[in-house]
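Fold and contact review
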Amino acid sequence: MTFVIPQPDCTSLPVANSEHVFPVRRIFCIGRNYAEHTREMGGSPEKTPPVFFTKPADAIVQSGSAIDYPQATRDLHHEVELVLALKSGGTDIAPDDADACIYGYAVGIDFTRRDLQKAAKDAGAPWDVGKAFDNSAPCSAIVRADAAGNPANADIWLKVNGETRQSSNTSKMIWSIGETVAALSRLFELKAGDLIYTGTPEGVAAVTSGDRIEAGVSNVGELTVAIR
């Protein structure tokens, strides 16, 4: 069999303290998973069914990279998130079984073209143009689960040009890690290679050309990215 065009490269992420790499299959994201962020976006923090959206695998940007300010927006926002990297999956996964599916954890940023997302929300349209654009998913190296401490109770933070913008703890997630995996598996068959961005705390704000962003989750890692 011969491909009629060059086969696309496989997106991957490094595994911390290893020569191995993790192949990325799909990227799922959950929205409105911290009460204070939900409030700052004008929503209600009650535990209603979670909102999921996706990004293309090649939206991944590795730590230390510099990216261009994205096209078609004048309001690019940062959103730091704990990321789950799956080694297995399935459908209808029980919350208590979610840990067995997780290979490791990472630090991610869900870049959002906020003006385009708002226009989509106002029109009742999908969020794709606001969320699933090029270079919209920076991610750190993946730390194996057995070396990540307790990611369900970890400090999470983001700085822009050395100034703290976001500071919280993953214990404040509305939907826990297990509940997030379980809810997503009721909508999709999860598989090895899938990444799940688990939502962002309050403090999201705009970034612009020339900004340097640093983000981290305690015992998981840190991530840096610059905007050209």
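Residues numbered from 1 in each chain as written. Predicted model: local features only at pLDDT ≥ 70, side-chain atom pairs only at ≥ 80, totals over all residues. Heavy atoms only, no water.

1. Considering the pairing of strand E14 (residues 163-169)
The side chains of a regular strand alternate, residue by residue, between the two faces of the sheet. Threshold: The rule for pairing is simple: two strands pair if DSSP sees at least two bridges between them. Secondary structure counts use DSSP, requiring at least four H or I residues in a row for a helix and at least two E residues in a row for a strand, with both numbered from the N terminus.
Both strand E13 (residues 155-160) and E14 contribute to a ladder of six bridges, which runs antiparallel. Note that in E14 the partner of Lys159 across the bridge is Thr164. With antiparallel pairing between neighbouring strands as the criterion, E13 and E14 make up a hairpin whose turn holds two residues, including Asn161 at a positive phi of roughly 55°.

2. Observations regarding the nonpolar core
To be explicit about the condition: We call a set of buried Ala, Val, Leu, Ile, Met, Phe, Trp, Tyr and Cys residues a nonpolar core when their side-chain atoms join them within 4.5 Å. Whether a residue is buried, partly exposed or exposed follows from its accessible area with a 1.4 Å probe, protein chains only, as a fraction of its type maximum: under 20%, in between, or over 50%, in that order. The contact criterion used is simple: two residues touch if any of their non-hydrogen atoms lie within 4.5 Å.
In terms of nonpolar packing, the biggest core is built from 43 residues, with Leu84, Tyr105, Ile109, Phe111 and Ile213 touching the most fellow members. The contact partners of Ile213, leaving out residues within four places of it in the chain, are Ile109, Phe111, Leu158, Lys159, Val160, Val207, Leu223, Thr224, Val225 and Ile227. Ala57, Val83, Ala137 and Cys139 belong to the second largest nonpolar core, which has 20 residues in total.

3. Brief notes about the pattern of salt bridges
Put simply, the rule reads: For this analysis, a salt bridge means a side-chain nitrogen from Lys or Arg found within 4 Å of a carboxyl oxygen belonging to Asp or Glu.
Considering all chains together, one arrives at 10 salt bridges under this definition. A salt bridge links Asp194 to Arg25, with the shortest nitrogen-to-oxygen separation between them at 3.2 Å. Residue Asp194 is located in the loop between helix H4 (177-185) and strand E15 (195-197), and its partner Arg25 is located in the loop between strand E2 (21-23) and strand E3 (27-31); the two are separated by 169 residues in the primary sequence. When its relative accessible area of 0% is taken as the criterion, Asp194 is described as buried. Taking the relative accessible area as the measure of exposure, Arg25 reaches 35% and is therefore partly exposed. For the salt bridge of Lys118 with Asp122, the shortest nitrogen-to-oxygen distance reads 2.8 Å. Of this pair, Lys118 and Asp122 both sit in helix H2 (residues 114-122), four residues apart, which is roughly one turn of that helix. Look at the salt bridges and you will find they share partners, linking Lys55, Glu79, Asp110, Arg114 and Lys131 into a network.

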